[in-house]
Amino acid sequence: MVPLSWYLILSAILFTIGAVGVFLKRNVITIFMCIELMLNAVNLTLVAFSSFYKQVYGQLFVFIVMTVAAAEAGVGLALVISVFRNRETLDVDKSNILKL
Amino acid sequence: MLAYFQAFPSLRDTLLLMPELQITLFACFALVLDVILPKEKKRLAARVSLLGVAFSAASIALLVYQYSDSLPQKAFYDMYVLDGFSLFFKALFLLAVALSIGVTIKYLDLEKEQTSEYYSLMLFSIAGMMFLTSSHDLISIYVSLELITLPVYVLVGYFKRIPKSNEASMKYFLLGAFSSGILLYGFSLLYALTGQTNIEAIAQIVPEIIKTGSATYLLLLAIILIAAGVLFKMAAVPFHSWAPDAYEGAPTSTTAFMSVAVKSASYVLLARLFFEALPSAGSVGSVPGWTQLLGVIAAVTMTIGNIAAATQTNLKRLLAYSSISHAGYLLLGAVAGNEVGYTGIAVYLVAYTVMNLGTFGVIISITRHDEGDAASSERNTGEHIKDLNGLVKKSPAIALMMLVFLLSLAGIPPTAGFMGKYLLFAGLIKNGTDWMTKLAVLGVINTVISFYYYSRLIRVMFIADLTEERPLTVGKSLQTVLLISALLTILIGIYPQPVIKISESAIKQFGNISDKASGVVPKLNND
């Protein structure tokens, strides 16, 4: 039996990798994948505690998070395509029309 | 099997959902109209959307009539709750979307992009906000939050051939999705601590966690993550960097919609999560809780927003920074944590809705197009401060209304903005804690700074010479919106009692909880 803390630590590590990746990566698609990684870290915590408390709320939450993430991916990739059509690059450093 | 059917949501539960269902239905209808209608008839969809808003408002009135004595009503396994708070904000969102639709009709005509799906996306977003006001469970809160933001990402990038609009929506999307992830991690930790997703159940368990002190730091981490997610949505410093870009790049009508409706929704989120689920965590034993956290953020947000706004030359960007500073003022009400402060938030959101939509309406009325440069990012769209030059000579009525809106934004009596700010600051002073009084003084200083850049706009409108000779073309819809906004702005300023009374009944439930809470606030008050 894997202890509960291991799940928590793993999910914290995954979440950190995702969050750091959002700041370090320069490609829109990679950033988006990092955000998905963060959501999966959340899912792991929820499932782990759902089985710890022996109830179903956490698993329900995971289903909903996955569905919403899919919808988000749909909108996000559509935006990426419309950006790519206009400027032929997905590098976020080159999106600098709007400045301070 | 039988048990399943007995537990199935009854007709009464569905009736409670009527306002949201009607908006969703009309949103789908508008989407279908986009395919049916020929290009020159697309404006019909705006009328249909307004009809949907009217239906929804009527059913809210019916719900008030039927349940005003027996609130709160719970439905769908306590995931959905109908209380004074949710009814108040549903009505506010309907007002915001009705005015936004009026502004949008004119703007899409100008841009020659009149489509029905724009209205449909707006209605979907509003449906999400209305669900959010009634959400009483972390799961439904998360889903409604995403229902709010997903259509808005599309609305921001609506002009897909304009690079500015693209870039704005991409930035908004990436940061928005990132902040949702952070918020969700906070939710998962909260679930880990309590084993519950229901707001009320969490509110009962959290004080025990604080009392035993076993997992205080995990609770603090959850609070910080949730606060970060919420502050992202309301564009408070240090999570504000997306707002100026998204506001500037988006179509002006979307900016207007975002800056009022989505912003108000983030305060609904704040209220449900902090005032209702975590009131006892305002201060966690010896370590500071969310009251102090929000206090610091409010101070920084007001100051940075106002100072940055003072240096802007683009009108939309200026209003973006001004909306950041308004987010700071509104947080003051949450910091005060008493009934006056909460009432202040509600009143200020009403005032902010009318005055900000009015301001954007005026900006749209001065918007004009030079032919054939739609794809250029440097096109002149009447978004520069100098485009306001000598407005009073072209149209005294519009210049006067703009004056009312700007004075209200700056918080000068007798306007709605003054009443809102007065209540927010009064809440802090009534609380009486030393640092809160100082925060109120900082708020007043910020009001003075903000008057500097609003008065700059007033000056160019009334004193500068005309630089743009083409006449204004104000459509009927825009005229109506401007008139309603201006009248409400002045009316709430002169005779605020009805709005204050309704707001008080809306926040009553939170006021009681915060008085009972064992946070640092009431304790220091007794000293």
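Structure: see above.
Going along each chain's sequence as written, the residues are numbered from 1 onward. A letter from A marks each chain and a number from 1 marks each ligand, given out in the order of writing. Owing to the predicted nature of the model, reporting of local features is limited to residues with pLDDT of at least 70; listing and counting of side-chain atom pairs is limited to 80 or more, with chain, interface and lining totals taken over all residues. To obtain the side-chain values, all non-hydrogen atoms of the structure were included, while hydrogens and water were left out.

Caption draft 1: Summary view of the overall build of chain B. The helix and strand labels rest on DSSP assignments: H or I over at least four residues marks a helix, E over at least two residues marks a strand, and numbering proceeds from the N terminus. Looking only at helices and strands, chain B features 22 helices and four strands. Here the radius of gyration uses the C-alpha set of atoms, whereas the globule reference equals 2.2 Å times the residue count to the power 0.38. On C-alpha atoms alone, chain B measures out to a radius of gyration of 22 Å, which is about the 24 Å that the 2.2 N^0.38 rule sets for 527 residues. Seen through its principal axes, chain B has C-alpha atoms that stretch 70 × 60 × 40 Å. Within chain B, the proportion of its 527 residues that are buried is 65%. The contact definition used throughout considers only heavy atoms, calling two residues in contact when any of these lie within 4.5 Å. The long-range share in chain B, meaning contacts at least 24 apart out of those at least 6 apart in sequence, stands at 80%. All accessible areas in this document rest on Shrake-Rupley with a 1.4 Å probe, and a residue is counted as covered only by the protein chains that are shown. Split by element, the accessible area of chain B, about 18700 Å² in all, is 67% carbon and sulfur. Only four residue types enter the charge count, namely Lys and Arg as positive and Asp and Glu as negative; His and the chain termini do not. Charged groups are reduced to one reference atom each: NZ for lysine, CZ for arginine, CG for aspartic acid, CD for glutamic acid. Here chain B contributes 36 positively and 33 negatively charged side chains, and the mean placements of these two sets differ by 4 Å. Throughout, exposure labels follow a simple rule: accessible area from a 1.4 Å probe, protein chains only, divided by the maximum for the residue type, with under 20% read as buried, over 50% as exposed, and the rest as partly exposed.

Caption draft 2: Summary view of helix 17 (residues 396-410) of chain B. Residue and element names in this part refer to chain B. Multiplying 1.5 Å by the residue count of a helix minus one yields the expected span of that helix. In a regular helix each residue adds 1.5 Å, so 15 residues correspond to 21 Å; helix 17 covers 21 Å between its end C-alpha atoms and thus fits that length. For helix 17, the full list of buried residues reads Ile398, Ala399, Met401, Met402, Val404, Phe405, Leu406, Ser408, Leu409 and Ala410. Among the structural elements, helix 14 (315-336), helix 15 (339-366), helix 16 (391-394), helix 18 (416-431), helix 19 (434-462) and helix 20 (476-494) are those in contact with the buried residues of helix 17. Positive phi appears at glycine 411, one or two residues downstream of helix 17, with a value of about 85°.

Caption draft 3: Molecular detail of the pattern of salt bridges. Salt bridge, as used here, is a side-chain nitrogen of Lys or Arg placed within 4 Å of a carboxyl oxygen of Asp or Glu. Evaluation of the coordinates by the stated rule reveals 17 salt bridges over all chains. When the shortest N-O distance is used, the salt bridge between Lys74(B) and Glu200(B) registers 2.8 Å. Of this pair, Lys74(B) sits in strand 1 (residues 73-75) while Glu200(B) sits in helix 9 (residues 199-212), placing them 126 residues apart in sequence. Residue class for Glu200(B) comes out partly exposed when judged on its relative accessible area of 35%. We note a salt bridge from Asp434(B) to Lys438(B), for which the minimum N-O separation is 3.4 Å. Here Lys438(B) and Asp434(B) lie together in helix 19, a separation of four residues that amounts to about one turn. Of the two residues, Asp434(B) and Lys438(B), neither departs from the other in class, the shared state being exposed. Each member of the salt-bridge network shares a partner with another, and the members are Arg87(A), Lys164(B), Glu167(B), Lys171(B), Asp245(B), Glu248(B) and Arg317(B).

Caption draft 4: Representation of the packing of helix 4 (residues 44-67) of chain B against helix 5 (residues 84-111) of chain B. All names here are of chain B. Between the N-to-C directions of two axes lies an angle of 0 to 180 degrees, each axis being a line fitted to C-alpha atoms and, for a helix, fitted only over the stretch in contact. One way to put it is that helix 4 packs onto helix 5 with a least axis distance of 10 Å and a crossing angle of 165°. Overall, the two elements helix 4 and helix 5 adopt an arrangement that is roughly antiparallel. Helix 5 is crossed by helix 4, and the crossing has left-handed handedness. Of the residues in helix 5, those touching helix 4 at Ala46, Ser49, Leu50, Val53, Ser56, Ala57, Ile60, Leu63 and Val64 are Leu87, Lys90, Ala91, Leu94, Val97, Ala98, Ile101 and Ile105. Counted by class, the contact of helix 4 with helix 5 contains 14 nonpolar, two polar and one charged residues. Angles below 35 degrees are treated as roughly parallel, those above 145 as roughly antiparallel, those between 65 and 115 as roughly perpendicular, and all remaining angles as oblique. Handedness of a crossing follows from how the near helix is turned relative to the far one, being left-handed for an anticlockwise turn of less than a right angle and right-handed for a clockwise one. In the scheme used here, Gly and all other residues not listed as nonpolar or charged are polar, with Ala, Val, Leu, Ile, Met, Phe, Trp, Tyr, Cys and Pro taken as nonpolar and Asp, Glu, Lys and Arg as charged.

Caption draft 5: Structural context of unusual backbone geometry. Residues and elements named next belong to chain B. The omega torsion across valine 237 and proline 238 is 5°, close enough to zero to call that bond cis. Of note, proline 238 is situated in the loop between helix 10 (216-234) and helix 11 (242-249). Backbone geometry at tyrosine 77 places phi at a positive 55°, although glycine is not the residue there. The topology assignment puts tyrosine 77 in the loop between strand 1 and strand 2 (80-82). Residue tyrosine 77 is classed as exposed on the basis of its relative accessible area, which comes to 60%. Phi is positive for aspartate 78, close to 65°, though the residue is something other than glycine. Among the structural elements, aspartate 78 can be located in the loop between strand 1 and strand 2.

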